[in-house]
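A look at the structure
Listed here are the chains, written in short residue letters.
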Amino acid sequence: MNGIFRKPVGADATGDAIPFFHDGMYHIFSLTPPAGTTVYPDRLRTTWSHTVSRDLWNWEELPTALCPGMGSEPDADGIWTGSVIFGKGLYHIFYTGYNYHIKTQQTICHATSEDGISWMKDPDNPILVPLTDLYRPLDWRDPYIFFNKDDGCYWLLVSARLRKGPSSKSGCIVLFRSDDLSHWVHYGPIYTPYHTNCPECSEMYKLKDTWYLSYSRFSEHVETIYRMADSPFGPWRTPRIDGIGGRRFYAAKSCINSEGRCIYFGWVHDRTDGRDDGEWYWGGDFCVPHEVIPNSYRELDVKMPYEIESGLSARVLPWSLVPRLGQVTSAGNKSISINSPGSFGYSLLKIHEKTFLFRCRVRISYCRDNFGILFKTDADANQCLELRFEIGMQRASLLSLPMDVDPFWRKSCTDVGSPAVPGPDGNRVAEKHFTVVDGSTFEISALVDHDLVEIFVGEKIAFTYRIYRQVDYQMGLFVRDGLVDFTNIRITGCE
């Protein structure tokens, strides 16, 4: 199969990619729930699917790597997240075994393979159980294995919660060390931020001279964030612009290829019955991979990998401009200028394809309020997903509109519009610092793929969200109190 890898063939959903790059091949192991399941505990009786690619575009499915056990076995109710390494002449998987019928529900298990395809579970499983004098017994998962050259041994990170401390903020990452991948010595917490319930799907790696520690928080913003340090022992410091992606780009983990490129694979949640007011499920579809590159501050800039952009550029797609409000001018189908001093101007783009890549360069002549792109919008730009750049706040935001109003106004006024039902995300779905000043330019790449919207801005930041509703227009452009040019517009698709 070719294209963006969303989920294994025949699967209703997938989640938690476990990337592994070896001998020129990307391996994506992933948690795949049983067909027809949507809620706990059935949804989480996951297997490890296995899919490979040499170029991030052409994919081949291999046999299922691991399946749940039976009865009192530690993984009878699910093979949860872990990691893969080649060492000591074998391929090794370290994974979370889940069995909610026994006292230690989450444990660390191990499997090996000679060829990376057929796997044998360790007869000594579980190899690591919660150390209950130090950590809470019900959170002990997501082992991440790597060889730490600086320390001269193998490191295994485990997501856990301290026994002592604020219950909703006791999440920590625990370190074990080994010389042989068999005998493990407990070091203790390597990171204790006191800012989350349990830091999921952690990983650690070194780019140039800086160490990075990334993990996901389900209890705050449902996103993947990272920290930086000069040493793998810390202290771990917060970057100025946090996050590998935005909200709902979740449980992202990375691999570093033979060129030294670091590429993250994350997923976006499904919702009940494919409705925008539906409950967010665990699991969904894989997102476009996010490539991260250290900048001059050693922080991680984010961009779309060139392999994905190339694959989505095979065909130029037709589209038409629908001016709606304000002074809108265009130069063929390459440039759109919106001039709206002291007011609001917008134009819609009529695009018939359900999957397309939109690219443009933004040039700000001046702006006193904000400007941006409308996704999944009605003709009046009332109900939409809005990518907004704010001059005063120096930020980029993704907003699900319209916002609701106080009950008094809803009862006493008309035409206030039906509010979006954002659930726990709020109307401002995600936001990041982004420098926008008069005279500046930057690039935007945005993929609309049916109900998914994936946005990369300035090769700096990225947002992901899902909108199910049927709409009149897939996209639009707007400016509030400013003059902004959207140039070099290209709308393309795959073959």
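Notes on the structure in this doc start here.

The rules behind these values
Residues numbered from 1 in each chain as written. Predicted model: local features only at pLDDT ≥ 70, side-chain atom pairs only at ≥ 80, totals over all residues. Heavy atoms only, no water. Helix = DSSP H or I, 4+ residues; strand = E, 2+ residues; numbered from the N terminus. Rg over C-alpha atoms; globule rule 2.2 N^0.38 Å. Contact = heavy atoms within 4.5 Å. Areas by Shrake-Rupley, 256 points an atom, 1.4 Å probe, with all protein chains shown as cover. Lys, Arg positive; Asp, Glu negative; His and termini not counted. Charge placed at Lys NZ, Arg CZ, Asp CG, Glu CD. Salt bridge = Lys/Arg side-chain N within 4 Å of Asp/Glu carboxyl O. 1 Å grid on protein atoms, 1.4 Å probe; cavity = no way out; pocket = protein on both sides within 12 Å on 5 of 7 lines; lining within 4 Å. Points joined across faces, edges and corners; volume = space filled by probe spheres on them. Nonpolar A, V, L, I, M, F, W, Y, C, P; charged D, E, K, R; others polar. Pairing = 2+ DSSP bridges. Axes fitted to C-alpha atoms, helices over the stretch in contact; angles between N-to-C directions. Buried < 20%, exposed > 50% of the residue type's maximum accessible area, 1.4 Å probe, protein only. Phe/Tyr/Trp six-rings, centres within 6.5 Å; stacked < 30°, edge-to-face > 60°. Lys NZ or Arg CZ within 6 Å of the ring centre and 35° of its normal. Core = buried A, V, L, I, M, F, W, Y, C linked by side-chain atoms within 4.5 Å. Polar contact = N/O pair within 3.5 Å; in protein donor to acceptor, adjacent residues only side chain to side chain.

The helix and strand tally for the protein chain stands at two helices and 32 strands. Taken over C-alpha atoms, the radius of gyration comes to 23 Å for the protein chain, in line with the 23 Å a tight globule of 495 residues would show. On the principal axes, the C-alpha backbone points of the protein chain span a range of 70 × 50 × 45 Å. Across the protein chain, every contact between residues at least 6 apart in sequence was considered, and the portion connecting residues at least 24 apart equals 61%. For the protein chain, the exposed area adds up to about 20,000 Å²; of that, 50% sits on carbon and sulfur atoms. In the protein chain, which carries 51 positive and 61 negative side-chain charges, the distance between the mean positions of the two groups comes to 5 Å.

Turning to the pattern of salt bridges, a few remarks are in order. This structure, assessed with the given rule, holds 39 salt bridges. Residue aspartate 151 pairs with arginine 177 through a salt bridge whose shortest N-O separation is 2.8 Å. Of this pair, aspartate 151 sits in the loop between strand S9 (135–148) and strand S10 (153–162) while arginine 177 sits in strand S11 (residues 171–178), and the two are 26 residues apart along the sequence. Notably, a salt bridge pairs arginine 324 with aspartate 380, separated by 3.0 Å at the nearest N-O pair. Placement of arginine 324 in strand S22 (residues 320–325) and of aspartate 380 in the loop between strand S25 (355–377) and strand S26 (384–390) is noted, with a sequence separation of 56 residues between them.

Evaluated as defined, the whole model comprises one cavity of 30 Å³ or more. The calculated volume of the largest cavity comes to roughly 50 Å³. If you trace the largest cavity, you find it lined by Ile4, Phe5, Leu56, Trp59, Phe265, Cys287, Pro289 and Ile308. Broken down by class, the residue content of the lining of the largest cavity amounts to eight nonpolar, no polar and no charged.

Here we come to the sheet that holds S9. Hydrogen bonds along the backbone pair up the strands of a sheet, which may run parallel or antiparallel. Read across the open sheet, the four strands follow the order S9-S10-S11-S12; overall the sheet is antiparallel. On the outer flanks of this sheet lie S9 and strand S12 (185–191), each paired with one strand and no other. Across the sheet, the axes of successive neighbouring strands diverge by a mean angle of 30°, strand direction being ignored.

Now for the sheet that holds strand S5 (residues 79–87). An order of S5-S6-S7-S8 is seen for the four strands of this open sheet, with the pairing classed as antiparallel. Each edge of the sheet is formed by a strand with only one pairing partner; in this case those strands are S5 and strand S8 (120–121). For strand S7 (residues 106–113) and S8, the ladder comprises two bridges, and the chain directions are antiparallel. Directly across from threonine 112, in S8, lies its bridge partner methionine 120.

On to unusual backbone geometry, then. The omega torsion of the bond from tyrosine 40 to proline 41 falls at 0°, within 30 degrees of zero and hence cis. Here proline 41 shows up in the loop between strand S2 (25–32) and strand S3 (47–53). Put simply, asparagine 125 and proline 126 share a cis peptide bond, and its omega is 0°. Of note, the phi angle at lysine 208 is positive, near 55°, even though the residue is not glycine. Structurally, lysine 208 can be placed in the loop between strand S13 (200–207) and strand S14 (210–217). Note on lysine 208: relative accessible area 70%, which makes it exposed. The phi torsion at valine 222 lies on the positive side, around 50°, for a residue other than glycine. Structurally, valine 222 can be placed in the loop between S14 and strand S15 (223–229).

Evaluation of the coordinates by the stated rule reveals 32 aromatic pairs. Aromatic side chains phenylalanine 5 and phenylalanine 286 sit 5.5 Å apart centroid to centroid with 40° between the ring planes, which places their arrangement in the tilted category. One end of the pair, phenylalanine 5, is in the segment before strand S1 (15–22); the other, phenylalanine 286, is in strand S18 (residues 280–286), with 281 residues separating them in the sequence. In this structure, phenylalanine 5 and phenylalanine 286 share a single accessibility class: buried. Among the aromatic side chains, those forming a connected cluster through ring pairs are Tyr144, Phe146, Trp155, Tyr187, Trp211 and Phe233. Against the face of tyrosine 297 rests arginine 240, its NZ or CZ located 3.9 Å from the ring centre. For the cation-ring pair, lysine 350 lies above tyrosine 473, with the distance from its terminal atom to the ring centre recorded as 4.6 Å.

This brings us to the environment of glycine 152. With respect to the secondary-structure elements, glycine 152 resides in the loop between S9 and S10. In this structure the C-alpha to C-alpha distance between glycine 152 and serine 418, which are 266 residues apart in sequence, comes to 59 Å.

Now for the nonpolar core. The biggest cluster of nonpolar side chains holds 45 residues, and the ones touching the most others in it are Phe358, Phe371, Phe375, Leu387, Phe389, Phe442 and Ile455. Looking at which element gives the most residues to this core, the answer is S25, with nine residues. Residue contacts for phenylalanine 389: discarding those within four places in its chain leaves Asp369, Asn370, Phe371, Gly372, Arg395, Ala396, Phe434, Val436, Phe442, Ile444 and Val457. Formed by 42 residues, the second largest nonpolar core is a distinct cluster that contains Tyr226, Phe265, Leu300 and Leu452.

A word on the pairing of S5. As a general feature of sheets, a regular strand has side chains that alternate between the two faces. Buried residues dominate S5, accounting for eight of its nine residues. Pairing geometry for S5 and strand S6 (residues 90–98), over eight bridges, is antiparallel. By the bridge assignment for S6, isoleucine 79 is matched with glycine 97. Taking the residues between adjacent antiparallel strands as the criterion, S5 and S6 are bridged by two residues, where lysine 88 takes a positive phi near 55°.

Attention now goes to the pairing of strand S4 (residues 59–66). Here five bridges tie S3 to S4, and the two strands are oriented antiparallel to one another. Counterpart to valine 52 in the pairing with S4 is glutamate 60. Where S3 hands over to S4, the hairpin turn is made up of five residues, of which leucine 56 adopts a positive phi near 70°.

With that settled, the discussion passes to the side chain of threonine 96. Position of threonine 96 among the secondary structure elements: in strand S6. The exposure class assigned to threonine 96 is buried, which follows from its relative accessible area of 0%. A distance of 2.8 Å separates a polar side-chain atom of threonine 96 from the backbone oxygen of threonine 81. Filtering out sequence-adjacent residues up to four positions away, threonine 96 remains in contact with Gly78, Ile79, Trp80, Thr81, Gln106, Thr107, Trp140, Arg141, Asp142 and Pro143.

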